Structures are given as structure tokens and as C-alpha cells.
Amino acid sequence: MNDHAASAQTDILAARLIALDIFSTVIDRRQPLDQVLEENRGLNALSAQNRAFVRMLVSTALRRLGQIDDFIRRATEKNTPLNPPLLHHLLRLGATQIAFMDVPDYAAADTSVRIADERQLSRQRGLVNAVLRRIAREHRDWAGKQDTARMNTPDWLMKILIADYGLRTAAEIAQANMAEAPLDISIKNPGMRDHWAATLQAAILPTGTLRRAEGGMVRDLPGFDDGMWWVQDAAAALPVNLLGNIEGKTVIDLCAAPGGKTAQMAARGASVIALDRSAARLTRLGENLRRLRLDKNIQMETADAAAWHPKDKAEFILLDAPCTATGTIRRHPDVPYLKSEADVTRLGDVQQKLLDNACEMLVPGGILIYCTCSLLKDEGERQIEKLLARNSSIQRLPLSPAETGGINGIINEQGDMRILPFHLAAQGGMDGFFASRLQRL
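Keep in mind that this is a model prediction, so the values were computed, not measured.

Engineer: Is there a simple way to think about the overall build of the protein chain in this case?
Structural biologist: In terms of regular secondary structure, the protein chain is built from 17 helices and twelve strands. The C-alpha atoms of the protein chain give 23 Å as radius of gyration, which agrees with the globular expectation for 441 residues (22 Å, within 12%). C-alpha atoms of the protein chain, sized along the principal axes, occupy 70 × 45 × 40 Å. Sorting the 441 residues of the protein chain into buried and exposed places 54% on the buried side. Across the protein chain, the fraction of contacts at a sequence separation of at least 24, relative to all contacts at a separation of at least 6, is 72%. With 54 positive and 53 negative side-chain charges, the protein chain shows a separation of 2 Å between the mean positions of the two kinds.

Engineer: It is not clear to me how the packing of helix 6 (residues 85-100) against helix 8 (residues 125-143) should be interpreted in this structure. Could you clarify?
Structural biologist: Two numbers describe a pair of packed helices, the interaxial angle and the distance between the axes. Contact geometry for helix 6 and helix 8: axes closest at 10 Å, N-to-C directions at 30 degrees. Considered as vectors, helix 6 and helix 8 are oriented roughly parallel to each other. Judged by the sense of rotation from one axis to the other, the crossing of helix 6 with helix 8 is right-handed. Two secondary-structure elements touch here, helix 6 through L87, L90, L91, G94, A95, I98 and A99 and helix 8 through L127, V128, V131, L132, I135, A136 and H139.

Engineer: What is the right way to read unusual backbone geometry from this model?
Structural biologist: Across the chain, the bulk of peptide bonds are trans and the bulk of non-glycine residues have phi less than zero. Residue N83 is joined to P84 through a cis peptide bond whose omega torsion reads -5 degrees. Mapped onto the secondary structure, P84 falls in the loop between helix 5 (65-76) and helix 6. Note that the residue after A257, namely P258, is joined by a cis bond; omega there is 10 degrees. Mapped onto the fold, P258 is located in the loop between strand 5 (250-254) and helix 13 (260-267). The backbone phi angle of R30 is positive, close to 55 degrees, even though this residue is not glycine. Relative to the elements of secondary structure, R30 occurs in the loop between helix 1 (3-29) and helix 2 (33-39). A relative accessible area of 41% places R30 in the partly exposed class. Even without being a glycine, R293 presents a positive backbone phi close to 55 degrees. Within the secondary structure, R293 is located in the loop between helix 14 (279-291) and strand 7 (298-302).

Engineer: Please clarify how the side chain of D276 should be interpreted in this entry.
Structural biologist: With respect to the helices, strands and loops of the structure, D276 is situated in strand 6 (residues 271-276). Taking the relative accessible area as the measure of exposure, D276 reaches 7% and is therefore buried. Here the side chain of D276 touches A257 through a polar contact of 3.2 Å, landing on its backbone nitrogen. In contact with D276, not counting residues within four places along its chain, are C255, A256, A257, R281, L282, E301, T302 and A303.

Engineer: Would you take a moment to explain the packing of helix 10 (residues 155-165) against helix 11 (residues 167-176) for this structure?
Structural biologist: Where helix 10 meets helix 11, the axes come as close as 7 Å, and the angle between the chain directions of the two elements is 130 degrees. Accordingly, the angle class assigned to the pair helix 10 and helix 11 is oblique. Considering only the axes of helix 10 and helix 11, their crossing is right-handed. In contact with M158, L161, I162 and Y165 of helix 10, helix 11 contributes L167, T169, A170, A171, I173 and A174.

Engineer: What should I look at first to understand the environment of L441 in this one?
Structural biologist: Note on placement: L441 falls in the segment after strand 12 (433-440). Residues L441 and L17 lie 424 residues apart in sequence; the distance between their C-alpha atoms is 59 Å. With residues up to four places along the chain from it excluded, the contact list for L441 reads P364, S392, S393 and Q395.

Engineer: Quick question: what am I supposed to make of the side chain of T60 here?
Structural biologist: Within the secondary structure, T60 is located in helix 4 (residues 48-63). One polar contact links the side chain of T60 to the main-chain carbonyl oxygen of M56, over a distance of 2.6 Å. Apart from residues lying up to four places away in sequence, T60 is in contact with I68, T96 and F100.

Engineer: Got a minute to help me understand helix 6 in this structure?
Structural biologist: Because each turn of an α-helix spans 3.6 residues, side chains separated by three or four positions in sequence point in the same direction. Counted at 1.5 Å a residue, the expected span for helix 6 with its 16 residues is 22 Å, and the 22 Å between its end C-alpha atoms agrees. Summarising burial for helix 6: 13 of the 16 residues are buried, a large majority.

Engineer: Sorry, what's going on with the environment of N177 here?
Structural biologist: Inspection of the secondary structure assignment puts N177 in the loop between helix 11 and strand 1 (183-187). With a relative accessible area of 7%, N177 lands in the buried category. Sequence separation of N177 and T326 is 149 residues, and the distance between their C-alpha atoms is 9.6 Å. Not counting the four nearest positions on each side in its chain, N177 is found in contact with R63, I329, R330, L375 and P421.

Engineer: Quick question: what am I supposed to make of helix 14 here?
Structural biologist: Under the 1.5 Å per step criterion, the end-to-end length of helix 14 is 19 Å for 13 residues, consistent within 8% with the ideal 18 Å. Where helix 14 is concerned, the buried positions are L282, L285, G286, L289 and R291. Where helix 14 is buried, its residues contact strand 4 (229-231), helix 13, strand 6 and strand 7. Where helix 14 ends, the next residue or the one after it, R293, has phi of about 55 degrees, a positive value.

Cut-offs applied
- Residues numbered from 1 in each chain as written.
- Predicted model: local features only at pLDDT ≥ 70, side-chain atom pairs only at ≥ 80, totals over all residues.
- Heavy atoms only, no water.
- Helix = DSSP H or I, 4+ residues; strand = E, 2+ residues; numbered from the N terminus.
- Rg over C-alpha atoms; globule rule 2.2 N^0.38 Å.
- Buried < 20%, exposed > 50% of the residue type's maximum accessible area, 1.4 Å probe, protein only.
- Contact = heavy atoms within 4.5 Å.
- Lys, Arg positive; Asp, Glu negative; His and termini not counted.
- Charge placed at Lys NZ, Arg CZ, Asp CG, Glu CD.
- Axes fitted to C-alpha atoms, helices over the stretch in contact; angles between N-to-C directions.
- Parallel < 35°, antiparallel > 145°, perpendicular 65-115°, else oblique.
- Left-handed = near helix turned anticlockwise from the far one by under 90°.
- Polar contact = N/O pair within 3.5 Å; in protein donor to acceptor, adjacent residues only side chain to side chain.
- Expected span 1.5 Å × (residues − 1).

Laid out in C-alpha cells, this is it:
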């Protein structure tokens, strides 16, 4: 083996070791994948090609985790968890490469055995080799017997989806969550939408969002450094439309980070008070707004939105509340393994406190948009019903199709917006989202 080939082999092994570290951290410590990727120093030392491989390997393993674990159970003929957990994770990543990525079977098995040696699992190297080689032989037959969408949706989440939407729609949601999300872009100047659609090789959705089927490295795309646009899912871009004309008005953006909606409001000529309890997240929001050259009329405050009060009552408030983020599984496949049913209850209490405080901030006639990137009705529809039942000074202002891009079926009977991942399926789907427009009497 010459020096170049030896170096390439070293890089390949390093990439898979880093992938194992990242995957283990997400699953065992329940840390968000994006955060772990950002904080892993070894990842940044890899070539661009190997960085992309690591991201794809970990994301695919998370997206297909139910199927992969089924392969491993069949190959080991055991229903008990493998110990130590690192051994299980190593097999998961090996199986992912064999079943779902363009990696030769022998290479996936060989590198996994070498990683076993590197991670003090030498005694299990025979098991690793045998399990992965059996998966290589039989996974296609096994996959034909799997209920893919159901298997890749954790039980806690599937149970709630069935209770909220019924079995058929829950199955459609689970299937839509299996697809990787496209890259959606919001344009700072709507008058240049056609120009940027052509420049970025993007389609224009009915909502006005630009969509690239091929994502690419965001920072390398034309217009990014010049602050002409920002990344924002088409569903997340809709709630600001529901405020109406906010040019020259002051809007309070509660729970503002990461700032896509803040940028939308600033681009429409509003003065925005951007609130978030995390100073670090607000710092990043400020950096994004400066890149977009939209920081002029933004006042940022680090505070708990459940207790904070403005100096003057507000005419417009946007509350994008913390939630389980179950609507974002297409782009964040780690979400089902970071959250649990207990989080739904805990976050529901937070949402209720935020809603009550936001209503107190409104002037009579003032508008509040409540939204969450959740699929769960406890974080959307039921929160609004409970609010209206306990606060007679608040009424719902039903939405119109013109305000939501005319997309069929996303305004429910009560007049709220409920987007599911299979909406706009022919164009690549959308994030799950809920929004309700409220007014103080």
C-alpha cells in the first residue's frame, strides 16, 4: 500500500470513529445532532467529503433506526439489548452503511471490525464481523417484511399520532417523516424572488418560499454572504404572514432565536423586540441579522418570556413556543430519540405560561400569533382551546387560504393552521406546524 492509499484508509477510519462518537453522544446523552456536529472538533479536521459522509451516516442511522435494530435482532437472534451500548451503536452504523448507503459490504464490515479494536471491543470483533456479514446477505429479504414507516417511529410518538389523527393519517405522517427535507429559502426582497429562483436553481412554492431539491453547502450558494436570503422551512415562514401589515409597527417576538421570523418581520419594515432566555442564542440571532443587514430596528433582550413584561402594551406579538419539534423530523431525525411523552407534558406547561403572559401584554385589539413546530395537538389545537376556555378576553381570528399560500387542507375547521409533513407532497413536503391567530377584546 502506497502512502496516498494508506492516508486515505486512515481518513476513512477516522471518519467512522467520529461518526460513532457523534451517534453515541446523541443517543446516550440525548444531545441534539446539530449541536454535537458543531462541537465535535475532529469533524472539522476531516476533508469536506468525509464530513459529508459522517453527517449522512449518522442522519441515516437515526432516520432508519427501527429498521436497523430489527436487522441486528434478526442477525443476532436476540431480543435483549447488546452490551456495552457502544457495541450496539457500532453495529448500527455498520448496518446503516450496508443497507442504506453506497458502501461495499466488505468495507463496512472491515472498518467496523477495525473500530472494535480501536474502541476496546476487540473481544467482540468476531461478533461484529459475523453480524454485519449476515445482515449483508439477508437484509434485502428482511426489509421486504418490514413496515418501514411504523418501525422507524418510536412507540411513544406513534401512540400520540394515532390518538390525535387516527391510524391512516398517522401512517401517512410517519411515511412522510422518512424523506429528507429539501432546502427552503426566504428572500429578503420579494421583488427579487424570480431572480433568486433562477440564480439558486430553485422552484417557487405557492407560499413564496424558494425550494432547492439539491441542498448543497448553504454558505457557498450565491447571495448568502451578501445577506440576500436565509434558510427557513416553508411552513415556518407562514406565521409572520398572519400578522398582516406590520410596516412601521413594533412587534414583540417572544422566543425569537434562531431568528428566521425576526428577519421576516424586519424585512417587512417592522421594529422588532426579540426576546430569548438564552444569551448565546440571541448572540447568534444578532450575527444572522447583521449578515442580512436587518439589525437596524431590532432590540434584543435576554429574558424569560413567561415572566417578562414590555414597557408598553403590544399591538403585535409572535409567540413561536418551545415544543417537542416533532414537525421537524424530516430535517432533524434525532428528535424522536431526544424527546419522550414526559416532554409533551412538561413543554405543555411552559406553553400555557407563555400564552397567558403574552395575552397580558396585548392592547385591546392587539394580535397574537401562537405557533409551534409540533405535530402534537397538545402543543397546538388543545393549547388554544384551553386558552379560550380560561380567558374570555381572547378570541380567535380565523385564517384565510390567501394567507397560507392557498394550500389545500391546512386550515382546520376552527380556522387555525395545521400543516402535516405530507402537505405539498408533490413538491417535497413541509415541516409539521401549527399556528393560531388570537385577538384581545
